[in-house]
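Overview (structure and organization)
Okay, here's what each chain looks like letter by letter:
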Amino acid sequence: VQLVESGGGLVQPGGSLRLSCVASGFTFSRYHMSWYRQAPGKERELVATITSAGGSTNYADFVKGRFTISRDNTKNTMYLQMNSLKPEDTAVYYCNVVRLRAYWGQGTQVTVSS
């Protein structure tokens, strides 16, 4: 199993970013996928989850209405569209799948600062 995140960077408050997670080594379309994040000095927290076919999504309260999780099973890729970014969204964002055990990508840094 390999998960590779990209798309992070430095953005001003109120800005947008789109994260991508390319998956390989398993049948992507059969598994629910999630985005997590970890800010410095804090525990890793769940941001959003999407079901295997993409028909259902769930979000943490702190991103509802601002972030959108999606996937393209033809490309083995999951996305996180992040709008109206706030300084408190600054964190390393990780892609996650649970397949017998949890797998994680290397993470992509998102920094929201003026």
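Description of the structure in this document. These numbers were taken from a predicted model, which means no experiment stands behind them.

A short note on the pairing of strand β3 (residues 17-24)
Two elements, strand β1 (residues 2-6) and β3, share 5 bridges in a ladder whose sense is antiparallel. Following the sheet pairing, Glu 5 is matched in β3 by Cys 21. Two elements, β3 and strand β8 (residues 77-82), share 6 bridges in a ladder whose sense is antiparallel. For Val 22, the partnering residue across the bridge sits in β8 and is Thr 77.

Here we look at the nonpolar core
One finds Leu 3, Met 33, Trp 35, Met 78, Leu 80, Met 82 and Tyr 93 to be the most contacted residues of the largest nonpolar core, which totals 29 residues. Breaking this core down by element, the ones donating at least two residues are β3, β4 (33-38), β5 (45-50), β7 (67-72), β8, β9 (91-99) and β11 (108-112). Each residue touching Met 82, except ones within four places of it in the same chain, is listed here: Gly 15, Ser 16, Leu 17, Leu 19, Arg 66, Phe 67, Tyr 93 and Val 110.

Observations regarding the state of the cysteines
This structure, assessed with the given rule, holds 1 disulfide. Residue pairing for Cys 21: its cysteine sulfur links by disulfide to Cys 95, the two sulfurs lying 2.0 Å apart. Taking the torsion about the sulfur-sulfur bond, which here is approximately -70 degrees, the covalent link between Cys 21 and Cys 95 counts as left-handed. Of the two residues, Cys 21 sits in strand β3 while Cys 95 sits in strand β9, which places them 74 residues apart along the sequence.

Looking at the sheet that holds β8
Ordered by their spatial adjacency, 4 strands build an open sheet running β1-β3-β8-β7, and the pairing between neighbours is antiparallel. Where the open sheet ends on each side, the last strands, each with one partner, are β1 and β7. Strand-to-strand twist of the sheet, defined as the mean angle between neighbouring strand axes without regard to direction, takes the value 15 degrees.

Some details on the packing of aromatic side chains
Between two aromatic rings, the relevant description is the distance of the centres plus the angle of the planes. Inspection of every chain in the model, using the stated rule, returns 4 aromatic pairs. Where Phe 26 meets Phe 28, the ring centres are 6.3 Å apart and the plane angle is 55 degrees; that geometry is what we call tilted. For Phe 26, a relative accessible area of 9% corresponds to the buried category. Both rings, one in Phe 26 and one in Tyr 31, keep their centres 5.6 Å apart while their planes meet at 80 degrees; by these two values the pair is edge-to-face. Residue placement shows Arg 18 over the ring face of Tyr 79; its charged tip is 3.9 Å from the ring centre. Above the plane of the ring of Tyr 94 lies Arg 44, whose end atom (NZ or CZ) is 3.8 Å from the centre.

Thresholds, definitions, all that
- Residues numbered from 1 in each chain as written.
- Predicted model: local features only at pLDDT ≥ 70, side-chain atom pairs only at ≥ 80, totals over all residues.
- Heavy atoms only, no water.
- Pairing = 2+ DSSP bridges.
- Helix = DSSP H or I, 4+ residues; strand = E, 2+ residues; numbered from the N terminus.
- Core = buried A, V, L, I, M, F, W, Y, C linked by side-chain atoms within 4.5 Å.
- Buried < 20%, exposed > 50% of the residue type's maximum accessible area, 1.4 Å probe, protein only.
- Contact = heavy atoms within 4.5 Å.
- Disulfide = S-S within 2.5 Å.
- Axes fitted to C-alpha atoms, helices over the stretch in contact; angles between N-to-C directions.
- Phe/Tyr/Trp six-rings, centres within 6.5 Å; stacked < 30°, edge-to-face > 60°.
- Lys NZ or Arg CZ within 6 Å of the ring centre and 35° of its normal.

Functional significance is not addressed by these values, which are geometric in nature.
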